[in-house]
Amino acid sequence: MKLHHSPTSPYVRKVMVVLHETGQLDDVELVTTSGTPLDPADGFAAVNPLSKVPALVTEDGQAIYDSRIICRYLDARANAGLYGSDDTWRIQTLEATGEGMIDAALLMAYEWRLRPEEIRFEAWVEGQWNKVAQALDVIKRDYMDLMNAPLNAGQIAVACALGYLDLRNADRNWRAGRPGLAEWFEAFSAREPMLATVPG
Ligand SMILES: N[C@@H](CCC(=O)N[C@@H](CS)C(=O)NCC(=O)O)C(=O)O
């Protein structure tokens, strides 16, 4: 398989953590593919018409995106059980919550990096951060049982989201008022798949 990859993408990191955790790392070749809406990677739209990483090309040439579908595919391929059974809808909602935090934080980063300074929209950036903060509080209030359960796809998505907040929004200190989540993240970050995928 080929995985279109970028070393700082938190969406790619989710897929890489799943590859590590499920013992499938040697089954993929990584293809560095970085772009933005203003400067998409050459030719990549033939694989993913949205020109976004990650995108996986399977052994039989099928393109699979986005990160959630790739994680689901890899889970099924390894029969890893990352999506649970009785609790699958809560696990998938936790996964969507982590993914949504990444979406909001990425939109904030694009606003700073890509939008010309004179047309930046501060209230809109704060609205994105508000989504992140609300998601963190819901995880803290409603999901710590799943966060502390055997490995699941929700934990991986949240961990990659928290890692991305540390990379791009360290000044906002998401840990303040959330010591349990901070402690969880410290322990989860010590897993080999997380250490091997620190963004760089
Ligand atoms: N929902 C997608 C989002 C992927 C995404 O936005 N990736 C970013 C990199 S972090 C990207 O490739 N952006 C390029 C673009 O938007 O043109 C997923 O989960 O895979």
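Scoring rules and cut-offs
Residues numbered from 1 in each chain as written. Predicted model: local features only at pLDDT ≥ 70, side-chain atom pairs only at ≥ 80, totals over all residues. Heavy atoms only, no water. Helix = DSSP H or I, 4+ residues; strand = E, 2+ residues; numbered from the N terminus. Buried < 20%, exposed > 50% of the residue type's maximum accessible area, 1.4 Å probe, protein only. Contact = heavy atoms within 4.5 Å. Areas by Shrake-Rupley, 256 points an atom, 1.4 Å probe, with all protein chains shown as cover. Lys, Arg positive; Asp, Glu negative; His and termini not counted. Charge placed at Lys NZ, Arg CZ, Asp CG, Glu CD. Near = heavy atom within 4 Å. Polar contact = N/O pair within 3.5 Å; in protein donor to acceptor, adjacent residues only side chain to side chain. Nonpolar A, V, L, I, M, F, W, Y, C, P; charged D, E, K, R; others polar. Core = buried A, V, L, I, M, F, W, Y, C linked by side-chain atoms within 4.5 Å. Phe/Tyr/Trp six-rings, centres within 6.5 Å; stacked < 30°, edge-to-face > 60°. Lys NZ or Arg CZ within 6 Å of the ring centre and 35° of its normal. Expected span 1.5 Å × (residues − 1). Axes fitted to C-alpha atoms, helices over the stretch in contact; angles between N-to-C directions. Parallel < 35°, antiparallel > 145°, perpendicular 65-115°, else oblique. Left-handed = near helix turned anticlockwise from the far one by under 90°.

## Remarks on the overall build of the protein
1) Next: Regarding its fold elements, the protein presents 8 helices and 4 strands.
2) Next: For the protein, the succession of helices and strands along the chain, N to C, is β-α-β-β-β-α-α-α-α-α-α-α.
3) Next: Taken along its principal axes, the extent of the C-alpha atoms in the protein is 45 × 45 × 25 Å.
4) Next: Relative to its full complement of 200 residues, the protein shows a buried share of 45%.
5) Next: Considering only contacts within the protein whose residues lie at least 6 apart along the sequence, 67% involve residues at least 24 apart.
6) Next: Approximately 10,000 Å² of the protein is accessible, and the part contributed by carbon and sulfur atoms is 52%.
7) Next: On the protein, the mean spot of the 19 positive side-chain charges and the mean spot of the 28 negative ones are 4 Å from each other.

## Details of the site of the ligand
1) Next: The environment of the ligand is formed by 14 residues, the closest being Val53, Asp66, Ser67, Glu99 and Tyr110.
2) Next: Here a nitrogen atom of the ligand and a side-chain polar atom of Asp66 are 3.0 Å apart.
3) Next: When the free accessible area of the ligand is taken as 510 Å², the share hidden by the protein chains comes to 88%.
4) Next: The element best represented in the shell around the ligand is helix α3 (residues 88–114), accounting for 3 residues.
5) Next: The residue inventory of the shell around the ligand, partitioned by class, reads 6 nonpolar, 5 polar and 3 charged.

## Some points on the nonpolar core
In a soluble, globular protein the nonpolar side chains are often hidden away together inside.
1) Next: Counting 56 residues, the largest nonpolar core has Leu162 and Trp174 as the members making the most contacts within it.
2) Next: Mapped by element, the contributors of at least two residues to this core are α1 (10–21), β3 (55–57), α2 (67–78), α3, α4 (122–142), α5 (144–147), α6 (153–168) and α7 (179–189).
3) Next: Ignoring any residue separated from it by four or fewer positions in sequence, one finds Trp174 in contact with Trp129, Leu136, Leu162, Leu165, Asp166, Leu181, Ala182 and Phe185.

## Structural notes on the packing of aromatic side chains
1) Next: The full count for this structure, using the stated rule, is 2 aromatic pairs.
2) Next: Seen from their ring centres, Trp174 and Phe185 are 5.8 Å apart, and the 70 degrees between their planes marks the pair as edge-to-face. Highlighted residues: Trp174 in the loop between α6 and α7 and Phe185 in helix α7, separated in sequence by 11 residues.
3) Next: Here Trp174 falls in the buried class, since its relative accessible area comes to 1%.
4) Next: When the centroid spacing of 4.8 Å and the interplanar angle of 20 degrees are considered together, the rings of Trp184 and Phe188 count as stacked. Taken together, the residues span about one helical turn, with Trp184 and Phe188 both in helix α7 at a distance of 4 residues. The same class applies to Trp184 and to Phe188, which are both buried.
5) Next: When the ring centre of Tyr83 is taken as origin, the NZ or CZ atom of Arg72, which lies over that ring, is 4.3 Å away.

## Things to note about α6
1) Next: Here α6 contains 16 residues, and its C-alpha end-to-end distance of 23 Å stays within 8% of the 22 Å for a straight helix at 1.5 Å per residue.
2) Next: Burial runs high along α6: 13 of the 16 residues are buried.

## Description of the packing of α3 against α4
1) Next: At a closest axis distance of 9 Å, the pairing of α3 and α4 adopts a crossing angle of 155 degrees. Our classification of the angle between α3 and α4 gives roughly antiparallel. Here α3 runs over α4; the crossing is left-handed. Contacts between α3 and α4 pair Arg90, Leu94, Thr97, Met101, Ala104, Ala105, Leu107, Met108, Glu111 and Trp112 from the former with Trp124, Val125, Gln128, Trp129, Lys131, Val132, Ala135, Leu136, Ile139 and Asp142 from the latter.

## Comments concerning the side chain of Arg178
1) Next: Considering the arrangement of structural elements, one finds Arg178 in the loop between α6 and α7.
2) Next: Of the residues examined, Arg178 reaches a relative accessible area of 10% and is grouped as buried.
3) Next: Only 2.8 Å separates the side chain of Arg178 from the side chain of Asp137, close enough to count as a polar contact.
4) Next: Here the side chain of Arg178 touches Trp174 through a polar contact of 2.6 Å, landing on its backbone oxygen.
5) Next: Arg178 has contacts with Ala133, Leu136, Asp137 and Lys140, leaving out every residue within four places of it along the chain.

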